[in-house]
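Chain by chain, the residues run as shown.
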Amino acid sequence: MKYVYASLPALAVGGLAYLMSNNLFAFLGVSLVFAASFILLLIPWLESKTTLRRKGRECFLFVSSFVTSMSLTSSLERSYENALESSGRDGELQRLATSLPEEGIKERLNYLERYFELERYRMFLSLFSLYEQQGGDLLSIAKSLLDELTRVEEMERSIEKESARSLREYLVMWILSGAMLFGIRFGLMNYWEVLEHNLLFMGSVVLYFAVLLGSILVYFYAYCGKPKTTLFRRKKHEETE
């Protein structure tokens with residue numbers, strides 16, 4: 001389904017290219033280039049952003065619930081179960097937790113670091129190790145971390161709202177620019193036979209679609225937090241090995 005969502009706007013842009021050039025190859029070329037860019041880059045970037053945000057929210061709920069429950073019940077097992085319950089019943093974290101071997105709570109907490117892959121969760125593990133070594137009240141030990149997690153969560157929510165507003169404005173801007181091209185096409189219909197053979201005009205049309213694609217990729221690259229592509233990650237992993 002996600003590929004359909006990527007292909008529909010690509011076909012719409014391709015249709016605009018055909019309208020401006022009256023050339024089937026322009027429609028196919030623009031549609032394929034935009035669809036490939038959306039599928040190979042945009043979708044992975046958006047998925048990466050969504051996954052990172054989801055894990056950040058789950059980490060906040062998991063750590064907060066675990067520390068609070070531990071302070072109230074002094075039971076590692078109950079605190080662990082409450083943390084899983086608070087972070088979501090039907091998510092990927094729950095499925096991973098149910099597949100873990102029946103080991104100690106510390107081993108299960110350490111294993112979940114592979115899932116979260118967040119520095120804030122590593123800080124929680126460090127504080128939990130300190131609690132195991134020295135004892136005391138985990139809530140007091142982790143208070144500064146909980147305050148920081150709350151601050152980060154509130155900041156990310158604010159950024160989400162601002163990003164959504166910015167995205168709407170950005171999309172409206174390009175939709176209006178496409179509507180202007182549509183208007184030019186039919187407003188100059190009497191002169192179109194001349195214009196479609198004018199290299200300067202057609203070059204401007206080609207430049208428009210190139211700028212449109214480049215702008216979309218640059219915008220969403222920043223919007224998604226400058227994610228690393230799968231190819232880059234694989235290459236970096238091979239170099240490390």
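Look up a bit, the structure's there.
Residues numbered from 1 in each chain as written. Predicted model: local features only at pLDDT ≥ 70, side-chain atom pairs only at ≥ 80, totals over all residues. Heavy atoms only, no water.

What follows is about the overall build of the chain. When you go through the chain residue by residue, the secondary structure sums to eleven helices and zero strands. By the compact-globule yardstick of 18 Å for 241 residues, the chain is too spread out, its C-alpha radius of gyration being 26 Å. Overall size of the chain, expressed as C-alpha extent along the three principal axes, is 85 × 35 × 30 Å. Here the chain holds 241 residues, and 36% of them are scored as buried. Here the chain displays about 15,100 Å² of accessible surface, and carbon together with sulfur accounts for 62% of that area. Taking the average place of the 27 positive charges on the side chains of the chain and the average place of its 28 negative ones, the gap between the two points comes to 3 Å. (Helix = DSSP H or I, 4+ residues; strand = E, 2+ residues; numbered from the N terminus. Rg over C-alpha atoms; globule rule 2.2 N^0.38 Å. Buried < 20%, exposed > 50% of the residue type's maximum accessible area, 1.4 Å probe, protein only. Areas by Shrake-Rupley, 256 points an atom, 1.4 Å probe, with all protein chains shown as cover. Lys, Arg positive; Asp, Glu negative; His and termini not counted. Charge placed at Lys NZ, Arg CZ, Asp CG, Glu CD.)

A few words on the packing of helix α1 (residues 2–21) against helix α10 (residues 199–223). Remark: α1 packs on α10, axes separated minimally by 11 Å, with the N-to-C direction vectors making an angle of 170°. Here α1 lies roughly antiparallel to α10, going by the angle between them. Counting all contacts with α1, which are made through Val-13, Leu-16, Ala-17, Met-20 and Ser-21, the residues of α10 involved are Phe-201, Met-202, Val-205, Tyr-208, Phe-209 and Leu-212. Classifying every residue of the contact of α1 with α10 by side-chain character gives ten nonpolar, one polar and no charged. (Axes fitted to C-alpha atoms, helices over the stretch in contact; angles between N-to-C directions. Parallel < 35°, antiparallel > 145°, perpendicular 65-115°, else oblique. Contact = heavy atoms within 4.5 Å. Nonpolar A, V, L, I, M, F, W, Y, C, P; charged D, E, K, R; others polar.)

Our next topic: unusual backbone geometry. Residues other than glycine predominantly adopt negative phi, and peptide bonds predominantly adopt the trans conformation. Phi at Asn-22 takes a positive value of approximately 55°, unusual for a residue other than glycine. One can find Asn-22 in the loop between α1 and α2 (24–73). For Ser-74, which is not a glycine, the phi torsion comes out positive at approximately 60°.

What follows covers the layout of surface pockets. Over the atoms, a rolled probe matching the size of one water molecule traces out where space is still vacant. In this structure, the largest pocket spans a volume of roughly 720 Å³. Lining the largest pocket are 23 residues; nearest its centre among them are Pro-9, Phe-38, Leu-171, Ile-216 and Phe-220. Per-element accounting of the lining of the largest pocket gives the leading share, seven residues, to α1. Classifying every residue of the lining of the largest pocket gives 20 nonpolar, one polar and two charged. (1 Å grid on protein atoms, 1.4 Å probe; cavity = no way out; pocket = protein on both sides within 12 Å on 5 of 7 lines; lining within 4 Å. Points joined across faces, edges and corners; volume = space filled by probe spheres on them.)

None of the figures reported here should be taken as evidence of function without further support.
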